[in-house]
Amino acid sequence: MTNEYYDFGPYKIHHSSVFYITDLSFAFVNLRPAMPGHVLVCPKREAKRVADLTADEITELWIIAQKVGKQLESYHKASSLRFGIQDGPQAGQTVPHVHIHIIPWPNADYAKNDDKYDEINENEELKQKLALDKERKDRSLEEMAKEADEYRKFVF
Ligand SMILES: Nc1ncnc2c1ncn2[C@@H]1O[C@H](COP(=O)(O)OP(=O)(O)OP(=O)(O)OC[C@H]2O[C@@H](n3cnc4c(N)ncnc43)[C@H](O)[C@@H]2O)[C@@H](O)[C@H]1O
């Protein structure tokens, strides 16, 4: 980690994408968000698996996830949150550096539904809203910086 970049596995996260920093962790916007507001929280130390984290690191990570999640849910006018960790490649982890996904989930009608992906796929209007059919492309540094600037105004 330098002042300009934060390490996220093999990637360098530019400081303009980072919107919240503590002693042991940082929160940053996603290169390819699955939905609006999909962000990541990560320990500063490059630990690959949850089991590699110290008690202090895991405590701080979840405290930040709680805080960021609450504020992003409100900002994105969402009604639920999804917190996720893919812990190891067989569980879908593509970046070998522990991170919590935080995804604001927008529709209360779907909160209790276990088959929500299927329902969303059948609901054209909601699908458009969540942009599920849109290809997830890498965003520009400028677009990510703009999103992080917004979050810095209220995440503290
Ligand atoms: N240079 C960079 N700067 C910023 N972000 C960067 C990056 N390089 C990679 N990422 C970002 O790092 C994450 C790696 O996640 P990962 O190692 O856990 O593996 P991925 O399979 O890449 O993760 P995702 O598909 O982004 O997300 C997985 C989680 O989101 C949920 N999810 C995925 N698609 C969803 C959808 N359409 N709706 C709701 N939830 C969804 C899943 O349930 C799961 O919990 C990705 O979000 C990637 O965009």
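Residues numbered from 1 in each chain as written. Predicted model: local features only at pLDDT ≥ 70, side-chain atom pairs only at ≥ 80, totals over all residues. Heavy atoms only, no water.

1. Here we look at the sheet that holds strand E3 (residues 18-21)
So, point 1. Strands sit in the order E3-E4-E5-E7-E6 across an open sheet of five strands; the sheet is antiparallel. With partners counted over all chains shown, the strands left at the sheet margins are E3 and strand E6 (80-84), one partner each. Neighbouring strand axes in the sheet, compared pairwise and without regard to direction, differ in orientation by 20° on average.
So, point 2. Pairing analysis gives five bridges linking strand E4 (residues 25-29) to strand E5 (residues 39-43), with the strands arranged antiparallel. What sits directly across from Phe26, in E5, is Cys42.
So, point 3. Across the sheet, helix H4 (residues 141-152) is in contact with E3, E4 and E5; its angle to E3 comes to roughly 40°. (Pairing = 2+ DSSP bridges. Helix = DSSP H or I, 4+ residues; strand = E, 2+ residues; numbered from the N terminus. Axes fitted to C-alpha atoms, helices over the stretch in contact; angles between N-to-C directions. Contact = heavy atoms within 4.5 Å.)

2. A look at the packing of aromatic side chains
So, point 1. On inspection of all chains with the given rule, the structure shows eight aromatic pairs.
So, point 2. Here Phe8 and Phe28 contribute two aromatic rings whose centre-to-centre distance is 5.0 Å and whose plane-to-plane angle is 65°, an arrangement assigned as edge-to-face. One end of the pair, Phe8, is in strand E1 (residues 5-8); the other, Phe28, is in strand E4, with 20 residues separating them in the sequence.
So, point 3. Residue classification places Phe8 among the buried positions, given a relative accessible area of 6%.
So, point 4. The structure contains a cluster of three or more aromatic residues connected by ring pairs, namely Tyr6, Phe8, Phe26 and Phe28. (Phe/Tyr/Trp six-rings, centres within 6.5 Å; stacked < 30°, edge-to-face > 60°. Buried < 20%, exposed > 50% of the residue type's maximum accessible area, 1.4 Å probe, protein only.)

3. Observations regarding the nonpolar core
So, point 1. In terms of nonpolar packing, the biggest core is built from 20 residues, with Phe19, Val39, Val68, Ile102 and Tyr151 touching the most fellow members.
So, point 2. When residues of this core are traced back to their parent elements, those giving at least two are E3, E4, E5, helix H1 (55-75), strand E7 (100-105) and H4.
So, point 3. In terms of residue count, H1 provides more of this core than any other element does, five residues in total.
So, point 4. In contact with Ile102, other than residues within four places in its own chain, are Gly37, His38, Val39, Val41, Ala65, Val68, Gly69, Leu81, Arg82 and Phe83.
So, point 5. Grouped together as the second largest cluster of nonpolar side chains are nine residues, Tyr6, Val18, Phe28 and Val95 included. (Core = buried A, V, L, I, M, F, W, Y, C linked by side-chain atoms within 4.5 Å.)

4. Quick notes on the site of the ligand
So, point 1. Near the ligand you find 25 residues, and of these Asn30, Gln86, Thr94, His101 and Arg136 are the closest.
So, point 2. With respect to the ligand, the side chain of His99 contributes an N or O atom lying 2.9 Å from an oxygen atom.
So, point 3. Contacts to the ligand include His101, whose side-chain N or O atom sits 2.7 Å from an oxygen atom.
So, point 4. Within the complex, the protein chains bury 82% of what would otherwise be the 880 Å² of accessible surface of the ligand.
So, point 5. Those elements giving two or more residues to the shell around the ligand turn out to be strand E2 (11-14), E4 and E7. (Near = heavy atom within 4 Å. Polar contact = N/O pair within 3.5 Å; in protein donor to acceptor, adjacent residues only side chain to side chain. Areas by Shrake-Rupley, 256 points an atom, 1.4 Å probe, with all protein chains shown as cover.)

5. Regarding the side chain of Glu147
So, point 1. Mapped onto the fold, Glu147 is located in helix H4.
So, point 2. On the accessibility criterion, Glu147 (14% relative accessible area) is buried.
So, point 3. A distance of 2.5 Å separates the side chain of Glu147 from the side chain of Tyr151, its partner in a polar contact.
So, point 4. Excluding residues within four positions of it along the chain, Glu147 makes contact with Val29, Gly37, Val39 and Arg139.

6. Section: the UniProt feature "binding site: substrate" (unreviewed entry) in the protein
So, point 1. Look at the UniProt record and you will see "binding site: substrate" (unreviewed entry) annotated at Asn30, Gln86, Gly92, Gln93, Thr94, Val95 and His101.
So, point 2. Assignment of secondary structure puts Asn30 in the loop between E4 and E5.
So, point 3. Of the residues examined, Asn30 reaches a relative accessible area of 10% and is grouped as buried.
So, point 4. A polar contact of 2.9 Å, which involves the side chain of Asn30, links it to the backbone nitrogen of Arg32.
So, point 5. Tracing the chain through its elements places Gln93 in the loop between E6 and E7.
So, point 6. The exposure class assigned to Gln93 is buried, which follows from its relative accessible area of 11%.
So, point 7. With residues up to four places along the chain from it excluded, the contact list for Gln93 reads Lys48, Arg49, Gln86, Asp87, Gly88, Val98 and His99. (UniProt positions renumbered as here; feature names shortened; annotations may be inferred.)

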